[in-house]
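Spelled out from the first residue to the last, the chains are:
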Amino acid sequence: MIQPHGGKLIKRIADNEERDFILSLNLKRIYIEKDEALDAEKIAIGSFSPLEGFMDREDLKSVCSHLSLKNGIVWSIPILLQIDDPSHLKIGEKVLLVDKTDNNPVAVMDISDIYKLNKKEIANTVFGTLDENHPGVKRLFSKGDYSIGGKIKLLNRPSFPNKEYELDPEETREIFRERGWKTVVAFQTRNAPHRAHEYLHRLGMEIAEGLFIHPIIGLKKEGDFDSSVILKAYQILINSYYPHRKVLLAGLSTSMRYAGPREAVFHAIVRKNYGCTHFMVGRDHAGVGDYYDPFAAHKIFDEIPDIGIKIVKFYNVFHCDRCGGIVSENTCSHPEEMITKISMTKIRKALSEGKRPPSTMLREEVADFLIENFNLVTEDYR
Ligand SMILES: [Zn+2]
C-alpha cells in the first residue's frame, strides 16, 4: 500500500492550555541534543509528515530494509531518539523531552517502544559504510546504544541560529497559494551558491512557476559554510540577478545526515510537505567524500514508488570556454581542456586566501561577500 505524501499535513503541536497542563505534571525529563530537538519540531510542524514521533523498532527495521515505514509509506532515513540508558523508563510512560543546551522542554512523548540498536546494521544500510570518518556514521555511533519510540507533541519551539529565516510547511504552502504558483520546484543545498547552482536555479524557474530555495541550516560537518553566511550569500544572488516574483528563500533547520541517495529521497519527501511539486537532484546529492556513486541519488528514485513529487535529475554541470557559458554533459561534449569544473573545494580555497575565484565559477558580488565573511563550521557536528 503506497500512500501519498504531504496531502494533509500531520501536525503535533500542543495549544497553550495543553502545554501548561503537561508542564504542570512534573513528568520525567529526558535531556536531548539540539539535532533531536530540531527533529521533534520538524515532526510536529509537519516537515516530516507522516511521522508523528520518533521511530519504534518496527518502523526502523522497515525503513532500513524496505525504504518505507511499517504502514507502507515511503521513508528512507531513520528518525531516532537515541539514549544511553533506558533502565529508568517504561513503555506507556509520558516523558518530557528537554533540550539540554538551554533546558527548554521542547516536547512531550508517549513512549511506545524501548529497544537496543544494531548500529552497525543501521550504518551499513543507511550510509553504506561503517567508516567513522563518515559524519553520519560518526553521529550515529556517538549517540546512545538504545532508542525510544513514540508519538510526540511540541510544547515549545527549540532555539537555533537563523530561525528567523525559517518557514513552516503551512506557511510556505500559503505563500505558494498567494503567489498563484501551481508548480514549485525545490532546490536543496548546504552551500553558498556558485554558478552551477545558478544554472540549476534558472532551469528551475523555466520549468516551474516558482523556485523554492531551501538550504539546510541545521548541524553540518566541519568545513561547511556557516548557515547565516549561506543565507546572506543567497540573498545577494537573488537580489542581484533573479526575478523576485519567482523565488522564495527559507532555511531548514535539520541536520545534514550525508546519507547520499537515501537522503535525496528524504529531502524530496520533506519538500513535498512544504508544498513543492518538483525537486531537483543533482550529482552526488547529500554525498560526502566518495562514499556514494555520484548518480546513486538518481537511481534510487527508479527503485521506489512515486512519492508524489516530480524528481528533476541533473547531471554534471560545468563551464565550457567554447560554448561560452555554463552547460551540462547533456548540452556540451567539448573536450576536457575547454571545461572548467565548478568545485566548492576550489572556491573555498581561493576565498580563504582572499582571492575572487573566476566569475565563471562564482558571481563577484557573492565572492566579495564570502571573502569578507569567510566563516566555516569549525566544531565538528555539534
Ligand atoms: Zn561546450
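Residues numbered from 1 in each chain as written. Predicted model: local features only at pLDDT ≥ 70, side-chain atom pairs only at ≥ 80, totals over all residues. Heavy atoms only, no water.

### Section: the pairing of strand E14 (residues 325-328)
Moving on, step 1. Taken together, the four bridges between strand E13 (residues 317-320) and E14 define a ladder with antiparallel strand orientation. Among the inter-strand pairings, Cys320 is bridged to a residue of E14, identified as Gly325.
Moving on, step 2. Taking the residues that link successive antiparallel strands as the turn, the E13-E14 hairpin has four residues, and the phi of Gly324 there is positive, at about 75 degrees. (Pairing = 2+ DSSP bridges. Helix = DSSP H or I, 4+ residues; strand = E, 2+ residues; numbered from the N terminus.)

### Let's talk about the pattern of salt bridges
Moving on, step 1. Under the counting rule described, the total for this entry stands at 34 salt bridges.
Moving on, step 2. Note that Lys163 is salt-bridged to Glu41, the shortest N-O span being 2.6 Å. With Lys163 in the loop between strand E7 (146-154) and helix H6 (169-179) and Glu41 in helix H2 (residues 34-45), the pair connects residues that are 122 residues apart, well separated along the chain.
Moving on, step 3. As a salt-bridge pair, Asp145 and Lys119 come within 2.8 Å of each other at their nearest N and O atoms. Taken together, the positions of Asp145 in the loop between helix H5 (135-142) and E7 and Lys119 in helix H4 (residues 119-127) put the pair 26 residues apart, joining distant regions of the chain.
Moving on, step 4. One continuous salt-bridge network, built from bridges that share partners, spans Glu41, Lys42, Arg157, Lys163, Glu166 and Asp168. (Salt bridge = Lys/Arg side-chain N within 4 Å of Asp/Glu carboxyl O.)

### Remarks on unusual backbone geometry
Moving on, step 1. Residue Pro50 follows Ser49 across a cis peptide bond; omega there is 15 degrees.
Moving on, step 2. With a phi close to 60 degrees, Asn26 is a non-glycine residue in the positive phi region.
Moving on, step 3. We note that Asn103 has phi near 60 degrees; this positive angle belongs to a residue other than glycine.
Moving on, step 4. Relative to the helices and strands, Asn103 resides in the loop between strand E4 (94-99) and strand E5 (104-110).

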